[in-house]
Amino acid sequence: MAEVIEWLADGTPYSPRFGDRYRSELGGLAQSREVFLHGCGLPAAWAGQPQWCILETGFGLGLNFLVTWQAWKADPARPRLLHFVATEAHPAGAADILRAAAAHPELLPLAEQLQAQCWGLLPGAHRLVFEGGHVLLTLCIGDTRAVLREQALAADAVYLDGFSPAKNPGIWDLHTLKAVARCCRRGTRIASWTVARSVLDGLAQCGFVVQKTPGLPPKRDNLQGEFAPRWVPRKVAGSAPLAPVLPSRCVVIGAGLAGAAAAASLARRGWQVVVLDTHDAPAGGASGLPAGVLVPHVSPDDSLLSRLSRCGVRATLQQARALLQEGSDWQASGVLERRLDGSGGLPADWPDAGRDWSEAASAAQLEQAGLDTASAATWHHRAGWIKPARLVQALLAQPGITWRGGVQVTRLERDATGPWQVFDAQAQVIARADLVVLAAAHASGLLVDGGLPLQAIRGQVSWGLRHSADNSAFPAFPVNGHGSLLPAVPVDEGVAWMAGAGFQRDRNDSRPDPADQQANLERLQTLLPHTARQLAADFQDGTPRGDWAGVRCASPDRLPLVGPLHPLRQPGLWVNTAMGSRGLTFAVLGGELLAARLHGEPLPVDKRMLQALAPQRASLLKQRVAPVDPVI
């Protein structure tokens, strides 16, 4: 899958796989600017637009992206949001991306940021975030034709790139060009360095009007054109994004992780967002957990849940790095997951890119946790702990968001032409907005006609302060698998350990329960016997505070509900809820998915994931009762 790059004597990167250079003999910078950026009429074409979307076939070493990003930064008339969607069957390593940009000092700061996010590029879509969420790169790893079938986008410009048609005909064939055309709107500009007859004929057959233009020496000609079919394009169901809306006023109901994430994603796109919550402070519900584990799900078949969890973990890590203080609010510590069923958990053919995420735990890691070196366990590199309330507060602090606490929303109402009206317990209208997002966990269903298939899941965390004499009792990293242990979380009084969590279905109260504290000890005895023996006395004499309990909310199939509830019957009513015990994994991703769909943007997940999260499946879920994943 990954590309092995050779470097020629003149510093030009070369692909042995395709027997071709990555850039022209005169260097890639001029080609990127003249052939692609200017060939698509940029930056002039995007001036004053709220967003702009570029599709590139063949990401290569990322030079076209870096040049476009640089042009966006330098343009005072730039769009608020720049989307760059690129396909790549054989992604280059992060070190090669940086090396390729080293010849262009003006691009090096951007290349360093790109390199830092180019990890774990397994097949599928990966959303990389820059400029505070205003430059979004969606890297689609796999065959161009196949990965574009999994995207719903309408590109404003297309960079047709890749190794030459003679070396890599698959990326230029008619079926691939048809896949590109399905991602275009009438008027989409297209540019390429190749003028091969097969490409010209294929583009014309797909509805593009193209012409040759003067090329960069030693090439005589380049290609430019636009999508202007003589027919009305027939869109395959689900292949086109929703018609975008213009930002206006929005009410988000719920100020936990899901509500804060949705509010932040919408505010970045220009919405004025009011967030309402019954509590007197943000994160008053389950998001008030003192600290939680952020870790991807793994499975031998790399299930949809596993793939979706990686998208979510990446999204949350991006926000944590941008908004939180590492070491006090969160820590990318890695996480050890015990596999108590004895399985390895990972696919048998797990590639190197997968090992960027997770791999079998080493003997040294098991020993450090006080476990037998024969124990089945997985080490997650891209994992750690986060204080959810700190993330909620940071998300709600974004410009364009107003928070109002102590508000009980009891009813929503909308007439045929006007905005949504939000009523409180006294039947007073407390807010009006064109868009309402329900993110109030289990209470979200109370505001929907017919309700939602949501289940209350109560959990309790035990915690206490660490003492220097206890150091030998704790691993240096979080451990999960049957409950979890966070060994060292900074709190006001010092450094705390935290163990949990309870998992009681259909229980709505958040009062601490001594029985749950005992249950946490029993789980810890199974998960980490050595640590549990050292802490047993603390549990018995009441030293663990055990003073936090909360109620999460889950759907029967363990996946969130994200998107419009009834697009035709109730336009403007969306949900981002049912995060279950994986709120840290799913909430940020859900907020971004919601905002991207609303604005007709490229999505951070593929179509199958989108369908798996659709609220319209709620009617089917009401008929099902499935186990819920007990991981907090």
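On a predicted model such as this, the values are computed, not experimentally measured, just so you know.

Scoring rules and cut-offs
- Along every chain, residues carry numbers that run from 1 in the direction the sequence is written.
- Totals for whole chains, interfaces and linings use every residue, but because this is a predicted model, local features are given only for residues with pLDDT of at least 70 and side-chain atom pairs only at 80 or more, for both listing and counting.
- To get the side-chain values, all heavy atoms of the structure are used, and hydrogens and water are removed first.
- Only the stretch in contact is used when fitting a helix axis, every axis being a line fitted to C-alpha atoms; angles between N-to-C directions are given from 0 to 180 degrees.
- For the purposes of this entry, the term helix denotes a DSSP run of H or I that reaches at least four residues, the term strand denotes a run of E that reaches at least two, and both are numbered from the N terminus.
- For classification purposes, an angle smaller than 35 degrees is called roughly parallel, one larger than 145 roughly antiparallel, one from 65 to 115 roughly perpendicular, and anything else oblique.
- By definition in these notes, contact holds between two residues if any of their heavy atoms fall within 4.5 Å.
- Each residue gets one label: Ala, Val, Leu, Ile, Met, Phe, Trp, Tyr, Cys and Pro are nonpolar, Asp, Glu, Lys and Arg are charged, and the others, such as Gly, are polar.
- In this analysis, the protein atoms alone were mapped onto a 1 Å grid. Cavities are point sets where a 1.4 Å probe fits without being able to get out; pockets are open sets with protein on both sides within 12 Å along at least five of seven lines; lining residues have an atom within 4 Å of a point.
- Grid points are joined across faces, edges and corners, and a volume is the space filled by probe spheres set on the points.
- Relative accessibility thresholds used throughout: buried, under 20% of the residue-type maximum; exposed, over 50%; partly exposed, between the two (1.4 Å probe, protein chains only).
- Any pair of nitrogen or oxygen atoms within 3.5 Å is treated as a polar contact; in protein, a donor-acceptor pairing is required on top of that, and neighbouring residues in sequence qualify only through side-chain atoms on both sides.
- Helix span, expected: 1.5 Å multiplied by one less than the number of residues in the helix.
- Counted as salt bridges are all cases of a side-chain nitrogen of Lys or Arg within 4 Å of a carboxyl oxygen of Asp or Glu.
- Each residue carries a pLDDT value, the predictor's own confidence for that position, ranging from 0 to 100.
- At least two DSSP bridges between two strands are needed for those strands to be called paired.
- Between 30 and 60 degrees the pair is tilted, below 30 it is stacked and above 60 it is edge-to-face, where a pair is any two Phe, Tyr or Trp rings, Trp via its six-membered ring, whose centres lie within 6.5 Å.

Peer 1: Please give an account of the packing of helix α9 (residues 304–323) against helix α12 (residues 388–396) that cites residues and values.
Peer 2: Between α9 and α12, whose axes approach to 10 Å, the crossing angle comes to 75°. The orientation of α9 relative to α12 falls into the category roughly perpendicular. Of the residues in α12, those in contact with Thr316, Gln319 and Leu323 of α9 are Leu391, Ala394 and Leu395. Counted by class, the contact of α9 with α12 contains 4 nonpolar, 2 polar and no charged residues.

Peer 1: Which residues make up the layout of surface pockets, and what values go with them?
Peer 2: Here the largest pocket is characterised by a volume of approximately 1,000 Å³. Looking at the lining of the largest pocket, the elements that each hand over two or more residues are α8 (257–268), β14 (292–294), β21 (409–414), β30 (548–554), β32 (573–577) and α15 (583–598). No other element matches α15, which puts 4 residues into the lining of the largest pocket. Of the residues belonging to the lining of the largest pocket, the class tally is 26 nonpolar, 20 polar and 3 charged. If you trace the second largest pocket, you find 46 residues lining it, with Arg21, Tyr22, Asp161, Gly162 and Phe163 closest to the centre. Among the elements of the structure, β3 (20–21), α1 (28–37), α2 (63–74) and β5 (81–88) are those that each provide at least two residues to the lining of the second largest pocket. No other element matches α1, which puts 6 residues into the lining of the second largest pocket.

Peer 1: Describe in detail the side chain of Asp557, supporting the description with residues and values.
Peer 2: Along the chain, the position of Asp557 falls in the loop between β30 and β31 (561–564). A relative accessible area of 18% means that Asp557 is categorised as buried. A polar side-chain atom of Asp557 sits 2.8 Å from a polar atom in the side chain of Ser555. A polar atom in the side chain of Asp557 sits 3.1 Å from the backbone nitrogen of Leu559.

Peer 1: I'd like a rundown of α9, residues and numbers included.
Peer 2: Counted at 1.5 Å a residue, the expected span for α9 with its 20 residues is 28 Å, and the 29 Å between its end C-alpha atoms agrees. Burial within α9 is extensive, with 15 of its 20 residues counted as buried.

Peer 1: Please give an account of the pattern of salt bridges that cites residues and values.
Peer 2: Considering all chains together, one arrives at 22 salt bridges under this definition. Notably, a salt bridge pairs Arg458 with Asp516, separated by 2.3 Å at the nearest N-O pair. In this pair, Arg458 sits in strand β25 (residues 455–465) while Asp516 sits in helix α13 (residues 514–527), placing the two residues 58 residues apart along the sequence. Overall, the relative accessible area of 7% leaves Asp516 in the buried class. A single network of salt bridges, built from pairs that share partners, joins Arg458, Arg507, Asp509, Asp513 and Asp516.

Peer 1: How would you sum up the confidence of the model for the protein chain? Please name residues and give values.
Peer 2: Regions with low pLDDT should not have their predicted coordinates read in detail. Across the protein chain, pLDDT averages 91, with 94% of residues at or above 70. Taken together, the stretch residues 625–632 has pLDDT below 50 and engages in 27 contacts with residues farther than four places along the chain or on a different chain.

Peer 1: Describe the sheet that holds β14, with residues and values.
Peer 2: Whether parallel or antiparallel, the strands of a sheet pair through hydrogen bonds between backbone atoms. With antiparallel pairing, 3 strands are arranged side by side in an open sheet as β14-β19-β15. Of all the strands in the sheet, the pair left with one neighbour each is β14 and β15 (330–331). For β14 and strand β19 (residues 384–386), the ladder comprises 3 bridges, and the chain directions are antiparallel. The partner of Leu294 across the bridge, within β19, is Gly384.

Peer 1: Break down α2 for me, with residues and values.
Peer 2: For α2, spanning 12 residues, the distance from its first C-alpha to its last is 17 Å, which sits close to the expected 16 Å at 1.5 Å a residue. Along α2, 9 of the 12 residues are buried, which leaves the element largely enclosed by surrounding structure. Taken together, the buried positions of α2 are Leu63, Asn64, Phe65, Leu66, Val67, Thr68, Trp69, Ala71 and Trp72.

Peer 1: Talk me through the environment of Gly292; I want residue IDs and the actual numbers.
Peer 2: Within the secondary structure layout, Gly292 lies in strand β14. Here Gly292 falls in the buried class, since its relative accessible area comes to 1%. Taking the C-alpha atoms as reference points, Gly292 and Val461, 169 residues apart in sequence, are found 9.8 Å from one another. The contact partners of Gly292, leaving out residues within four places of it in the chain, are Gly384, Trp385, Ile386, Pro388, Leu486 and Leu584.

Peer 1: Which residues make up the packing of aromatic side chains, and what are the values?
Peer 2: For the coordinates displayed, the defined rule picks out 12 aromatic pairs. Taking 5.8 Å as the distance between ring centres and 70° as the angle between the ring planes, the aromatic pair formed by Phe84 and Tyr159 counts as edge-to-face. In this pair, Phe84 sits in strand β5 while Tyr159 sits in strand β8 (residues 155–160), placing the two residues 75 residues apart along the sequence. Taking the relative accessible area as the measure of exposure, Phe84 reaches 1% and is therefore buried. The buried category is assigned to Tyr159, whose relative accessible area is 1%. Pairwise contacts between aromatic rings join Phe36, Phe59, Phe65, Trp69, Phe84, Phe130 and Tyr159 into one cluster.

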